Amino acid sequence: MNRVISNKLPPAERSDLNLGYMRLSDSAPIIVAKELGLYEDYGLNVSLHREVSWANIRDKMIAGSFDACQMLAPMGMATTMGAAGIRAPIISGLVLSLNGNGITLSSSLWNKLQIDIAANTYDPLSTALALKLAINDPSHPLTFASVHNFSTHTLLLRQWLELAGIDPDRDARIIVLPPEQMVDSLAQGIIDGFCVGEPWNSIAVEHGSGVLATTGVRLWNGAPEKVLAVMETWHGRNPGTHLRLRLALMEACRWMANMENREQAIQILSQSPYLDLPAEYLRPSLTGKLFHQRAQDQSEQTDFHVFDDFNAGFPWRSDAEAMIQQFTPLLGKQVNTERTRSLVQRCYRTDLYREAANLFNIDCPSQDYRP
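Please read these numbers as outputs of a predicted model, since none were measured by experiment.

Participant: Looking at this structure, I do not really get the overall build of the protein. What am I missing?
Facilitator: The helix and strand tally for the protein stands at 18 helices and 14 strands. The globule rule puts the C-alpha radius of gyration for 371 residues at 21 Å, and the 20 Å found for the protein is close to it. Per-residue burial over the protein gives 60% buried out of 371 residues. Summarising the internal contacts of the protein: among those between residues at least 6 apart in sequence, 77% fall at separations of at least 24. For the protein, the distance from the average site of its 32 positive side-chain charges to the average site of its 40 negative ones is 6 Å.

As structure tokens, then:
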């Protein structure tokens, strides 16, 4: 840790922390911070705990088993307003990653689509229109899976369907599955497709059970994906600890932003204490060279995972409001402009990001809303 920063830091109210994360490639900052000794640099002794579902990770943080966790960008707001089946105030002062999602269709469904493979057409509109033409039985809507009702995945999936005039509430069925269950459910024919984070799209492609139809970055480039989440009350009791945790993770995000470090990150993530997956499953998305079909149709998307680039970690309140507004079909009367603005100001703590950025002498936005 920089000595100048060290002299400016308040003491840590507690040093032993439990952090929850998911078996996903964009868990990288949380994991590499451990392996690179960044937590220790800030006087923290962090234990990492891998969970299987977003509901589990949320509930364990609310119960106090976790001090902080990796969380879906919209999930804290939904929980704060009581729209996710439980009400608890959750805040975030750091976005851990942008983008990182794909929409994969079963190989059997893909083969029914009228797509010119020679044209390498995996853009959202072309694939959505092809799907629209393949829907010929309205009484049996296709079933897609997302990782949580209040996730960027659900927004992207709905946006993609709507591009072709497919009503996500009438013409399709969207269910919730943990990321680790996506590939098996696709292979067994339980679902027709899914929107999930990596490496589960790449695993489905490698196994031959799915085709990566399009990517989230082509639908909404710069979408906030995962955030560092803590309980509002926990932050109130541990502001110094929380600051040190954000600083450690900001350093990890900056390290991950350097593409030259990605291969080392892949080797770290693949280890059994962490993702426990072969490196070849993690490499496509982390190097930005994704396969759409097994051993063919590879596309380069260097911004597929964004960890820290031009203040990628800044929790833009305009992005948060956009997400809440897009959830109107699920939230109904709970959404109005005044309530949305108040919710976002409470949950997306731009002041906490600026506090940490100032210690690093990082120029960060002076406004909370994108110009």
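Further notes follow.
Participant: Explain the side chain of K226 here, please?
Facilitator: The topology assignment puts K226 in strand β11 (residues 224–231). A polar contact is formed between the side chain of K226 and the side chain of E225, at a distance of 2.8 Å. Excluding residues within four positions of it along the chain, K226 makes contact with L24, D26, W54, Q70, M71, L72, A73, V95, L96 and S97.

Participant: In this structure, what is going on with the pairing of strand β6 (residues 101–106)? I would like to understand it.
Facilitator: In regular strands, side chains alternate between the two faces of the sheet. Within β6, six of the six residues are buried, which leaves the element mostly enclosed by the surrounding structure. Bridge analysis of β6 against strand β9 (residues 193–197) gives five bridges, and the strand direction is antiparallel. Within β9, the position partnered with I103 by the bridge is C195. The pairing of β6 with strand β10 (residues 210–215) spans five bridges and is antiparallel. Opposite L105, over in β10, you have V211 as the bridge partner.

Participant: Is there a simple way to think about the packing of aromatic side chains in this case?
Facilitator: Remark: the centre distance and the inter-plane angle together describe each pair of aromatic rings, the angle taken between the planes. Enumeration according to the criterion identifies five aromatic pairs in this entry. Between F314 and W316 the ring centres are 4.8 Å apart and the planes differ by 75°, which places this aromatic pair in the edge-to-face class. For F314, a relative accessible area of 2% gives the class buried. Of the residues examined, W316 reaches a relative accessible area of 11% and is grouped as buried. Between the aromatic rings of F314 and Y353, the centroid separation amounts to 5.4 Å while the plane-to-plane angle is 90°, which identifies the pairing as edge-to-face. Taken as a pair, F314 in the loop between β14 (305–306) and α15 (317–326) and Y353 in helix α18 (residues 350–359) lie far apart in primary sequence, 39 residues in all. The same class applies to F314 as to Y353, namely buried. Joined through ring pairs, the aromatic side chains of F314, W316 and Y353 make up one cluster. The residue whose ring lies beneath R254 is F360, and the NZ or CZ to ring-centre distance is 5.4 Å.

Participant: What's the story with the packing of helix α13 (residues 262–269) against helix α14 (residues 279–287) in this structure? I'm lost.
Facilitator: The relative placement of two packed helices is expressed as an angle between their axes plus a distance between the axes. Between α13 and α14, whose axes approach to 9 Å, the crossing angle comes to 145°. In terms of crossing hand, the pair formed by α13 and α14 is right-handed. Contacts between α13 and α14 involve R262, E263, I266, Q267 and L269 on the former and, on the latter, A279, L282, R283, L286 and T287. Across the contact of α13 with α14, the residue classes break down as five nonpolar, two polar and three charged.

Participant: What exactly am I supposed to notice about the pattern of salt bridges here?
Facilitator: Should their charged atoms come close, side chains of opposite charge can pair. Under the criterion given, the structure shown has 17 salt bridges. For D67, the salt bridge identified is with R14, shortest N-O distance 3.3 Å. Placement of the pair is D67 in the loop between α4 (54–63) and β3 (68–72) and R14 in the loop between α1 (3–8) and β1 (16–22), with a sequence separation of 53 residues. According to the relative accessible area criterion, D67 is buried, its value standing at 4%. R14 gets classed as partly exposed once you look at its relative accessible area, which sits at 35%. A salt bridge links D368 to R354; the nearest nitrogen and oxygen atoms lie 2.9 Å apart. Separated by 14 residues along the polypeptide, D368 in the segment after α18 and R354 in helix α18 bring together distant segments of the chain.

Participant: How do you make sense of the packing of helix α7 (residues 124–134) against helix α8 (residues 152–163) when you look at a structure like this?
Facilitator: Between α7 and α8, whose axes approach to 7 Å, the crossing angle comes to 70°. Considered as vectors, α7 and α8 are oriented roughly perpendicular to each other. Crossing hand, α7 versus α8: right-handed. Taking contact as the criterion, the partners of P124, L125, T127, A128 and L131 in α7 are, on α8, W160, L161 and L163.

Participant: Honestly, the sheet that holds β10 in this entry has me stumped. Any pointers?
Facilitator: Strand pairing within a sheet occurs via backbone hydrogen bonds; the two strands may be parallel or antiparallel. Ordered in space as β8-β7-β9-β6-β10, the five strands form an open sheet in which the pairing is mixed. Looking along the sheet, the strands with just one partner apiece sit at the ends: β8 (172–176) and β10. This sheet shows a mean twist of 25° between the axes of neighbouring strands, independent of strand direction. In this sheet, β9 lies alongside strand β7 (residues 142–146) in parallel orientation, the contact comprising two bridges. In the sheet register, F144 faces β9, and the bridge partner there is G193. Sheet strands in contact with α8 are β6, β7, β8, β9 and β10, and its direction is about 60° off that of β6.

So, how was this worked out
- Residues numbered from 1 in each chain as written.
- Predicted model: local features only at pLDDT ≥ 70, side-chain atom pairs only at ≥ 80, totals over all residues.
- Heavy atoms only, no water.
- Helix = DSSP H or I, 4+ residues; strand = E, 2+ residues; numbered from the N terminus.
- Rg over C-alpha atoms; globule rule 2.2 N^0.38 Å.
- Buried < 20%, exposed > 50% of the residue type's maximum accessible area, 1.4 Å probe, protein only.
- Contact = heavy atoms within 4.5 Å.
- Lys, Arg positive; Asp, Glu negative; His and termini not counted.
- Charge placed at Lys NZ, Arg CZ, Asp CG, Glu CD.
- Polar contact = N/O pair within 3.5 Å; in protein donor to acceptor, adjacent residues only side chain to side chain.
- Pairing = 2+ DSSP bridges.
- Phe/Tyr/Trp six-rings, centres within 6.5 Å; stacked < 30°, edge-to-face > 60°.
- Lys NZ or Arg CZ within 6 Å of the ring centre and 35° of its normal.
- Axes fitted to C-alpha atoms, helices over the stretch in contact; angles between N-to-C directions.
- Left-handed = near helix turned anticlockwise from the far one by under 90°.
- Nonpolar A, V, L, I, M, F, W, Y, C, P; charged D, E, K, R; others polar.
- Salt bridge = Lys/Arg side-chain N within 4 Å of Asp/Glu carboxyl O.
- Parallel < 35°, antiparallel > 145°, perpendicular 65-115°, else oblique.

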